[in-house]
Amino acid sequence: EDVPVYAGSTGQFAATMDSENEDAGSSVVLATNDDVDTVAEYYVNTLKDNGWSVEAEAHAAGLSTIAGTKGELSLTIMVAGQDGQTMITMGLENGQ
């Protein structure tokens, strides 16, 4: 619930990791028909609005990467154009 799901996107992949020897984390891949810039702007603004610190942003033609933290949570989002769609890959780790 700390990480927003892009409205209108569809789930492509999800996995979680929870081990006594490693930090818990999860990965999610979503797809949307919206363009990369629109999706990246949504995540930067929405994360900030939800109390995340956006630590880094990188934007290039057809690719954006956003990294943020909130308490013990660390989030990386990659937004990339692929085969006429925009793919949103998110990795969340609990414990820094």
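This text goes with the structure placed above it.
Summarised in this report is the structure supplied together with it. (Residues numbered from 1 in each chain as written. Predicted model: local features only at pLDDT ≥ 70, side-chain atom pairs only at ≥ 80, totals over all residues. Heavy atoms only, no water.)

**Considering the environment of Val3**
Then step 1. Locating Val3 in the fold gives a position in the segment before β1 (10-19).
Then step 2. Sequence separation between Val3 and Phe13 is ten residues; the distance between their C-alpha atoms is 16 Å. (Helix = DSSP H or I, 4+ residues; strand = E, 2+ residues; numbered from the N terminus.)

**What about the packing of aromatic side chains?**
Then step 1. This structure, assessed with the given rule, holds three aromatic pairs.
Then step 2. Here the aromatic rings of Tyr6 and Tyr43 are separated by 6.4 Å at their centres, their planes lie at 35 degrees, and the arrangement is tilted. Of the two residues, Tyr6 is situated in the segment before β1 and Tyr43 in helix α1 (residues 36-49); the sequence distance between them amounts to 37 residues. Comparing Tyr6 with Tyr43, the two get one shared label, buried.
Then step 3. Aromatic pair Tyr42 and Tyr43: ring centres 5.0 Å apart, planes at 80 degrees, arrangement edge-to-face.
Then step 4. The class for Tyr43 is buried, based on a relative accessible area of 0%.
Then step 5. Among the aromatic side chains, those forming a connected cluster through ring pairs are Tyr6, Tyr42 and Tyr43. (Phe/Tyr/Trp six-rings, centres within 6.5 Å; stacked < 30°, edge-to-face > 60°. Buried < 20%, exposed > 50% of the residue type's maximum accessible area, 1.4 Å probe, protein only.)

**Things to note about unusual backbone geometry**
Then step 1. The residue Asp83 is not glycine, and still its phi comes out positive at about 50 degrees.
Then step 2. By the element assignment, Asp83 lies in the loop between β5 (73-82) and β6 (85-94).
Then step 3. A residue is classified by how much of its surface remains accessible, and Asp83, at 75% relative accessible area, is exposed.

**As for the side chain of Thr86**
Then step 1. As for its position among the elements, Thr86 is in strand β6.
Then step 2. According to the relative accessible area criterion, Thr86 is buried, its value standing at 4%.
Then step 3. Only 2.5 Å separates the side chain of Thr86 from the backbone oxygen of Asp34, close enough to count as a polar contact.
Then step 4. Those residues within four positions of Thr86 in sequence are excluded, and the remaining contacts are Leu30, Ala31, Thr32, Asp34, Asp35, Val36, Val39, Val79, Ala80 and Gly81. (Polar contact = N/O pair within 3.5 Å; in protein donor to acceptor, adjacent residues only side chain to side chain. Contact = heavy atoms within 4.5 Å.)

**A word on the nonpolar core**
Buried together is how nonpolar side chains tend to be arranged in soluble globular proteins.
Then step 1. Membership of the largest hydrophobic core comes to 17 residues, with the highest contact counts inside it found for Tyr43, Ile66, Leu75, Ile77, Ile88 and Met90.
Then step 2. Looking at this core, the elements that each hand over two or more residues are α1, β5 and β6.
Then step 3. For this core, the element with the highest residue contribution is α1, accounting for six residues.
Then step 4. Once you skip the residues sitting within four places of it in the chain, Met90 turns out to touch Val3, Pro4, Ser26, Ser27, Val28, Leu30, Tyr43, Leu75, Thr76 and Ile77. (Core = buried A, V, L, I, M, F, W, Y, C linked by side-chain atoms within 4.5 Å.)

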